[in-house]
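Chains, contacts and geometry: an overview
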Amino acid sequence: MASVVRDGIRDPYGPDFENKLEMLLLLSRRSNRSPFHAEKLGKRSGAGVEFAEYRDYVSGDDFRCVDPYAAMRFDRLLLRLYEEEEDQSVYLLVDTSRSMGQHAERKLDHAKRLAAALAYIGLAALNRVTVLTTSERPRLEYPTTRGRGQFPSILRFLRGIEASGATRLDGSLRHFARQHRRRGLVVLLSDLYDPEGFERGLDAVRSEGFEVQVLHLVDDRDLEPALHGDAVIVDCESGHEQSVTITEGLKRQLRVARENLVCAASQHCRGRGFGYATCDVANPFDQAIRHFILQPGRFAR
Amino acid sequence: MTGLPLWSVAFLALVTAVLVILLYRLKDHRSRLVVAFVGLWEIAQQLGPSVNRRERRRHYGSVVLQIGIAMLICAALVTLEPSTSDPATQHLVVLLDVSASMAADEHGESRFENAQRELIRQLALLDETVVVLLATTDSRTTPTLSWTRDHRLLRDAILRQGVHDRTSNWSEGLARAASYLRGRTQPRLWLVTDGTTSDWSALQAEPELTSIPVEAILVGSRRKNVGIVTFSARAHRDADRGLELLLGLVNDDDRSHDVDVELTSHGRRIGTEQLNLPAGARKTATIRGLDGFKHVIRARLVAQDGAQDALPLDDSAYAVLPEVPQTRVAIISAGDLYLEAAVLSDPSLEATLVAPGVNVDSKRFDAAIYDGVEPAVPLTMPSFLLNPPRDGRLIQVSTPLRGVGFDSWAQKDVILRDLDLYDVQIDRANALIASEKDVPLAFAGHHTILLRGEREGQPIVAMGFAPHESDFVMRSIWPLFVHQVLTRLLGRDLAEVRSTRPGEVVTLPVDSVGSPIRLTGPGGLDEMVSSAGTNWQFVPERLGLYRVELPQRQAFVAANLGSANESRIAPMRPLKYAGRTLPAPKAKPKSSSNPSHIALAAMAMALLLVEWIAFHRRWTL
């Protein structure tokens, strides 16, 4: 989906964007697998209706919670504990490094569409949604919000994001994990072009109790250089230069290299129990969201 | 091997090397491509074969191709034609006629300008196997540009040439051409000329040219010309007649012309003579009764109908009067009225008739004329021997001749200068046998009929016929002839040249070594020189009057065209030489055995393009 320029402002969403969101929302509500069910059973024990566990009675506990049947069976006073329902937090981390802005910000625009769609579904499902940008560090943040009424604001926020800075996923993710105590679902939308790798950062987030989903954005234009022959390639973020000779063979090897990168990322995420999906920017965003809703954690394009 | 000077080749090689280095440096300059993640490329490069090895192979291959391109460019610029010693090389000598007749006007353009244009055009059709030597020819043949294939140099050399005021000498020119071509591979000869009938009709074949292709580039078609071929003057004893002018004229046109001969002396008009010249005629006119003259007389032809003929160069001539002291001459003769009349009419001669057999006193006479007799005693003075006896001791006489004339004569000799002897008819004569030191002066066929030399310690001139046995004595030039014989015998005026032709050396005696000399002449000539010896020489290059001012005297030298051959400008068509008709040059098809410069340069450019595409590839696809 190409971006449209309206009144001098690039609009990444397209004319049929909201209709597609509604369809995705319906799909999400019908799917049992959707990660966006707002009322999730939290880890804490509270005044819910679902039995959680037994605990010995100690002085000061509410006597009404003592289970008489358990007391007769086990000949001691036991409290019946119930799981407390709580709202889910959804954190959408959008990589806004310069690599995402290559080729007329195709990847960034696609990330915005994905993030907008996820935010809409999350808000519609009464989730707390937070949108953050990440490059060298989390720079911009749309504060945690609830309710569908906040969606236009989120759209405006996403629309104004620009690609800048280098990719430092490791540091950014660690910083995020430290800054945000409320656990929830973290969706990372990135091309994963980090010379220092993203694995440790994601591990750090996971270790803080977040559920991690990775949407790996890929663009075939990264594999189709505009030049042919002797050239000097320059990294758009670091400025690192390297002399190469661009041939058809090298292009094929580029494609293989990216496949290897995707494969390695997928293996790492699956091995850690992260959800992972590749999103080709050439495909419609709703296709990726559909896969995300129906088969979260499965390799999808 | 090379058609270019060494410095040109070196300069072009330097430029080529600079271009190659520049291209290589440009090749090293890589375009920049911003990518999303260099790490991806690094991984990609590690997946394939070693890039460094591939890079090195490419660069070495590129260097080899660049060297090949440079070699092809150098080969294209440095001619790879056969050297001059290669059997495939054709050697072409071009003789360009620059004699006076080439100045003839051909409807607004001279023959020479036509010749230049046509020659340049023909040379441009030659292929690279032909090397050319360019020479100009008139009274002498001079190489102008030696063996070259460079058409630009040839063109410039041709355009630098101009017509001279000199007569042609094709015998010498063809002999020179033969010497230039001697030993050369595939010799050819081109003659660029107007090919006048007078020049070519009696030309003898040059033996070395019989097997060599001779071609002619012919120019000129007009034949209307009236010109002065001889002009001489002498003072006459008879005061009523004063000055006697002898004017030789030729009309080369096919119709008669009426002309006025305007006579001036030092700018002052002294007379006008009206003459009619029949078509094709050669005529000698005697003009008498003029006065008011001084040292130099100028004659100028003006057509009565006002029309300009094709060659104005021969429309005027100068005659210089000599200053000759009195000479005492003894005429030993049985009686010859014509001889007597000729001698007696010369105011500078004191003639005495002496009967044969009487000894001549050398104290009383300066020179002697023996008519049909020889002295019994040794010669005691310079002598003119007319019709020597067969049994004489002084001159050997051989074949008797009947009905002959002056077929050829030494026109430059003091005795015969300014004399036109072409139509003298001799009834009886004897061929003279010249001794080793004698100088034959005139011939009837190949028989000597006039010679000079020395006998018994005295200078002599011998003529093989009696004056009355010919119509020589009837000619107005006869007294002048006798006068000039005596002048020669006596050594007077020997070094005092009165008239000459352009291109001929003039020798003048000077009083002392280092004498300052001022020479003025036509074309604004005015220079001061000094003599290195007791004789001073100069060569008049242009037609006109030259004045030589010496410390004690002054001398005038008239440079006239003075050639019936040059005045007869009617071209011979077709031009025949040595019995063969000379064809026009034919352009030879370009040789396909040698690589063309253009093909080599095209190959170099194609290779450069291949190298650029294969190894450079700067373009965005």
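What comes next is a walk through the structure. (Residues numbered from 1 in each chain as written. Chains lettered and ligands numbered in written order. Predicted model: local features only at pLDDT ≥ 70, side-chain atom pairs only at ≥ 80, totals over all residues. Heavy atoms only, no water.)

1. Some thoughts on the sheet that holds strand β2 (residues 90-97) of chain B
All names here are of chain B. Read from one edge to the other, the open sheet built from five strands follows the order β6-β5-β2-β7-β8, with strand pairing classed as mixed. The sheet terminates laterally at β6 (141-148) and β8 (214-218), the two strands that pair on one side only. Neighbour-to-neighbour, the strand axes of the sheet open up by a mean angle of 20°, direction not taken into account. Of the strands in this sheet, β2, β5 (130-137), β7 (187-193) and β8 are in contact with helix α4 (residues 111-124), which crosses β2 at around 170°. (Pairing = 2+ DSSP bridges. Helix = DSSP H or I, 4+ residues; strand = E, 2+ residues; numbered from the N terminus. Axes fitted to C-alpha atoms, helices over the stretch in contact; angles between N-to-C directions. Contact = heavy atoms within 4.5 Å.)

2. A word on the nonpolar core
Core analysis: the largest hydrophobic core is formed by 43 residues, its most contacted members being A:L92, A:L114, A:L158, A:L189, A:L215 and A:I289. Broken down by element, this core gets its largest block of residues, twelve residues, from helix α3 (residues 102-124) of chain A. If sequence neighbours within four positions are ignored, A:L215 has contacts with A:L114, A:L118, A:V187, A:L188, A:L189, A:S190, A:A277, A:C279 and A:F292. Counting 41 residues, the second-largest nonpolar core is a separate cluster that includes B:V424, B:L441, B:L480 and B:L486. (Core = buried A, V, L, I, M, F, W, Y, C linked by side-chain atoms within 4.5 Å. Buried < 20%, exposed > 50% of the residue type's maximum accessible area, 1.4 Å probe, protein only.)

3. Points about the pattern of salt bridges
Applying the stated criterion to the full structure yields 43 salt bridges over all chains. B:D423 is the salt-bridge partner of B:R475, the closest N and O atoms lying 2.7 Å from each other. Here B:R475, found in the loop between β25 (458-463) and α9 (478-490), pairs with B:D423, found in the loop between β21 (408-409) and β22 (425-433); they are 52 residues apart in sequence, far enough to count as distant. Owing to a relative accessible area of 23%, B:R475 belongs among the partly exposed residues under this scheme. One salt-bridge network, held together by shared partners, links A:D220, A:E224, A:R255 and A:R258. (Salt bridge = Lys/Arg side-chain N within 4 Å of Asp/Glu carboxyl O.)

4. Looking at the packing of aromatic side chains
By convention here, two paired aromatic rings are described through the distance between centres and the angle between planes. The full count for this structure, using the stated rule, is 16 aromatic pairs over all chains. Relative to A:F176, the ring of A:Y91 has its centre 5.1 Å away and its plane inclined at 75°; by these criteria the two rings are edge-to-face. Taken as a pair, A:Y91 in strand β6 (residues 89-95) and A:F176 in helix α5 (residues 169-179) lie far apart in primary sequence, 85 residues in all. Taking 5.0 Å as the distance between ring centres and 20° as the angle between the ring planes, the aromatic pair formed by A:Y193 and B:F37 counts as stacked. Here A:Y193 is found in the loop between β9 (185-190) and α6 (199-207), whereas its partner B:F37 is found in the loop between β1 (31-35) and α2 (38-47) on a different chain. Using a relative accessible area of 3% as the deciding quantity, one classes A:Y193 as buried. Put simply, the rings of B:F384, B:F406, B:F465, B:F472, B:W478 and B:F481 touch in pairs and so form one group of aromatic residues. When the ring centre of B:Y422 is taken as origin, the NZ or CZ atom of B:R282, which lies over that ring, is 4.0 Å away. (Phe/Tyr/Trp six-rings, centres within 6.5 Å; stacked < 30°, edge-to-face > 60°. Lys NZ or Arg CZ within 6 Å of the ring centre and 35° of its normal.)

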